[in-house]
Amino acid sequence: MTSVMDVPADIAPGRLSPREYEVNFDDATPPLNRKQALIEAARCYFCYDAPCMEACPTGIDIPSFIRKIATDNVKGAAVTILEENIMGGTCARVCPTEILCEQACVRTAQEHKPVTIGALQRYATDWLFDREIQPFTRAEPTGRKVAVVGAGPAGLSCAHALALHGHDVTVFEMQPKAGGLNEYGIAAYKMTNDFAQREVDFILSAGGITVEYGKALGRDITLAQLRADYDAVFLGIGHNAVNALRIAGEDLAGVSNAVDFIAALRQAPDKSALPVGRKIVVIGGGNTAIDVATQSKRLGAEDVTIVYRRGPESMSATGAEQEWAQTNGVRIKYWAQPRTLVGSGGSLREVEFEYTVLDEAGRLAGTGEVFRVPADMVFKAIGQSFVPSAVGEEGFAEILEFQPDGRFAVNEDRQTSLANVFAGGDCIGGIDLTVSAVQDGKVAARAIHRLLTGS
Amino acid sequence: MANLVSNFVGIRSPNPFWLASAPPTDKEYNVVRAFRAGWGGVVWKTLGEDPPVVNVSSRYGAFSYNGTRVAGFNNIELITDRPLDINLQEIKSVKRQFPDRAVVVSLMVPCEEESWKRILAQVEDTGADGIELNFGCPHGMSERGMGSAVGQVPEYVEMVTRWCKQHSRMPVIVKLTPNITNILGPARAAKRGGADAVSLINTIQSIMSVDLDVMAPTPVVDGKGTHGGYCGPAVKPIAMRMVADIARDPECQGMAISGIGGISNWRDAAEFISLGASTVQVCTAAMHHGFRIVEEMADGLSNWMDGKGFGDVKAFTGMAIPNYVHWEDLNLNYKIVAKIDQDTCIKCGLCHIACEDTSHQSIAALRIDGGRRYEVIEEECVGCNLCMHVCPVEDCITMERLDDGSSYMTWKEHSNNPMRREAAE
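Since the structure is predicted, the reported quantities are computational estimates derived from the model, not experimental observations.

Enquirer: Tell me what's going on with the pattern of salt bridges, and back it up with residues and numbers.
Expert: Tallied over the full model, the rule gives 54 salt bridges over all chains. A salt bridge links K177(A) to E183(A), with the nearest nitrogen and oxygen atoms 3.2 Å apart. For K177(A), a relative accessible area of 29% puts it in the partly exposed group. Residue E183(A) is classed as buried on the basis of its relative accessible area, which comes to 2%. Across the salt bridge formed by R59(B) and E77(B), the nearest N and O atoms sit 2.9 Å from each other. With R59(B) in the loop between strand 4 (41-47) and strand 5 (60-65) and E77(B) in the loop between strand 6 (68-75) and helix 2 (84-97), this pair connects stretches of sequence that are 18 residues apart. You can call R59(B) partly exposed: its relative accessible area is 28%. Each of D10(A), R15(A), R278(A) and E302(A) takes part in salt bridges that share partners, so that together they form one network.

And the structure:
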């Protein structure tokens, strides 16, 4: 009898026709046209003290922007959005609205059908972007200088707000492109037509921001030097480590981090050139797991299985995200944890899992019973972290205060233990979304502006 | 099953639903389709003297509200633009094909006795059941001294009505224009002239919208616009008030009423009938959805009548009129306050902000354990109904009676009224 172990790993590019790649990586949620937007906007009740607004981490005045759409004042709607959330365009595409604004929408309470706020937000912001309108004007230069490390959502949000106040901002970015996870970490079909870069260009076109690419903290620049050269520093440096499984076989060919695969996929101009396994196993339960699984399927993988150690309600990917993966043909297997990555000839062939349950004390426990899932590739998606010691700067871990999990300790202004150093985004934790990173940058910018102007 | 058969001043129809004089009744083809769909009668689109009028291209304007199309509608079309003899032939043909349906012919000729006398004879020859005098058309024809130009002068209404009664055996329905200060003027004039019935309302003079690019009123005709006649669901309240004013007027008693104005479904029809109309005429709803809407109207009215125990339309015609009183006859001791059903409240806050900003500050916006709660402050509530109307959840806000129901006190007796009538010793 032939065992799975005898069959060589099947990892190959070009599994689909050119047309299939095109369809699979096109806009997963096509935008509303004007007619659809008007009908949807008319469903908004224009609530007083609107629950949706409170549910938005950036506090966008949602009833107002929707009312503006309803009256064909689309420019006004876009400005209302962008004033609170400069990445309103990305958030319209990637926000898990089903657990934020749309969950809070009173129509959810009334009829389980919220106003599709995300889609309306996209309608308004697309309108502005398509016309290349720059609605923001920069104040007179103040002569004050701020360094922002990391050109992701937190950093760009902070930089933009400070630049509008007239401060000169230099953004240091280690990657060749700005945008952070908007550019490198989100499924391709959510961010079509190079939207992340178009948004970056829009933000930078307001003026006052210089981006220095290829500059990493601890390697090319140091916090100590930035503090010496600038009036204030904002750190929006995201995660710098991926959690490991810490089981046997992690070094086998075919085992990789989901975030690396997602980044490579986003940067690949030709998706057909990307090799993908016939059988894929994804370990984890967040949006990264969903994105890597669904995109593998869309690259032509035959069997894709997400294995998560708890039940569906514990997954950090929302119900809608889980459903999205499932309708894409991804199997989600709950209540199992990986035990061993089994290889043959240095290549991964199978993953051994152990069933899990909650014990009497409510703790996760293995049952001892195992099963194996054949796999040409395994993607690890069990979370990322920030490790201060991984920042290559001498003494970095000593001059700042950190939370127990390693992320920066900040106050409500996103100010670190150093008075002129602020931080936001994934490196301070929180709900791990573009929208919250944008809010961090915005809040920090207000505090930095007060610090610089004494106002 | 309720009996919907109607006998309107001797004009019989299987139900009280007639199509009003308008584009849907301009020719045999349409009218045959309407009768096949189940309409009880039609008022043929207004005939005039030859040569026929000429209509413009671009004729209708519409008012859409919050995604609802054609909440209001207007037109700048004139009377029929087809030769008189073609219309007369077609009327005759239709009546022969559908002897059980009402075929009423709308007329508009210059204010000269000979003109009316001539056309009345021609119409009578078709076998039509009656005539409707178009004293209402508010645009175009009025500039030529016809339509509402006649309807706005009670003496002319009376005079032409009298001619028609003198020169014809057919029942005469006078169609009234709402573009006047007091509907009773022309209504009483019609009565004095001998009219069998009035029909109302004709359309209201209106500018539908302004095209802000062209800078002209819509519908735009080659860069220019004119005022048109407003109709559709939006005009129903205006029409009903005029119908009711005539229905309760002692001088108008004995004159039948055909109600017109935004009637789109059985409920609208039932409301008009309860205010004294004994047939209803429909146009905009048919122009929006086609003739088949009559099936729902007849079915809905019949089911509602069965539920209420009304055997025929006559059983509830004018039934609401005794309760349509002047303001000074309302009970000042009646007191209601808003009540919010917390279980169905969706926390939109519209009741609060409406009351807070524009009314009596009697709905409190509370936060209890972070959750929103809106509560009525009964001492402040005047029972205005505003919150109930703005609430998007049906029956979430209801108005509850709070007074003791003891005495009925009107303004006429109220102590604040310097002209009050003292109770008799």
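Enquirer: Would you mind going over unusual backbone geometry in detail, with residue names and values included?
Expert: Of the consecutive residues D50(B) and P51(B), the connecting peptide bond is found in the cis state with omega at -5 degrees. Following L200(B), the chain continues into I201(B) via a peptide bond in cis, with omega recorded as 10 degrees. Among the secondary structure elements, I201(B) is positioned in the loop between strand 10 (197-200) and strand 11 (204-206). Although it is not a glycine, R246(A) adopts a positive phi angle of roughly 60 degrees. Note that R246(A) resides in the loop between strand 6 (241-242) and strand 7 (255-257). Relative accessible area serves as the criterion here: at 72%, R246(A) is assigned to the exposed category. Positive phi values are uncommon outside glycine, yet W335(A) reaches one of about 60 degrees. Its place among the elements puts W335(A) in the loop between strand 11 (331-333) and strand 12 (336-344).

Enquirer: Describe in detail the sheet that holds strand 9 (residues 279-284) of chain A, supporting the description with residues and values.
Expert: Residues and elements named next belong to chain A. The sheet built from five strands is open, its strands ordered 7-15-9-10-11 with parallel pairing. Across the chains shown, the open sheet's two edge strands, defined by having one partner strand only, are strand 7 and strand 11. This sheet shows a mean twist of 25 degrees between the axes of neighbouring strands, independent of strand direction. Sheet topology places strand 9 next to strand 10 (residues 303-307); five bridges connect them, and they run parallel. Its bridge partner lying in strand 10, I280 is registered against V304.

Enquirer: Report on a nonpolar patch on the surface, specifying residues and quantitative values.
Expert: A surface patch of nonpolar side chains, about 450 Å² in accessible area, is lined by I207(B), V210(B), L212(B) and M215(B). Within the secondary structure, I207(B) is located in the loop between strand 11 and strand 12 (209-211).

Rules and cut-offs
Residues numbered from 1 in each chain as written. Chains lettered and ligands numbered in written order. Predicted model: local features only at pLDDT ≥ 70, side-chain atom pairs only at ≥ 80, totals over all residues. Heavy atoms only, no water. Salt bridge = Lys/Arg side-chain N within 4 Å of Asp/Glu carboxyl O. Buried < 20%, exposed > 50% of the residue type's maximum accessible area, 1.4 Å probe, protein only. Helix = DSSP H or I, 4+ residues; strand = E, 2+ residues; numbered from the N terminus. Pairing = 2+ DSSP bridges. Axes fitted to C-alpha atoms, helices over the stretch in contact; angles between N-to-C directions. Patch = residues over 30% accessible without salt bridge, like charges linked within 9 Å, V, L, I, M, F, W, Y side chains within 5 Å. Areas by Shrake-Rupley, 256 points an atom, 1.4 Å probe, with all protein chains shown as cover.

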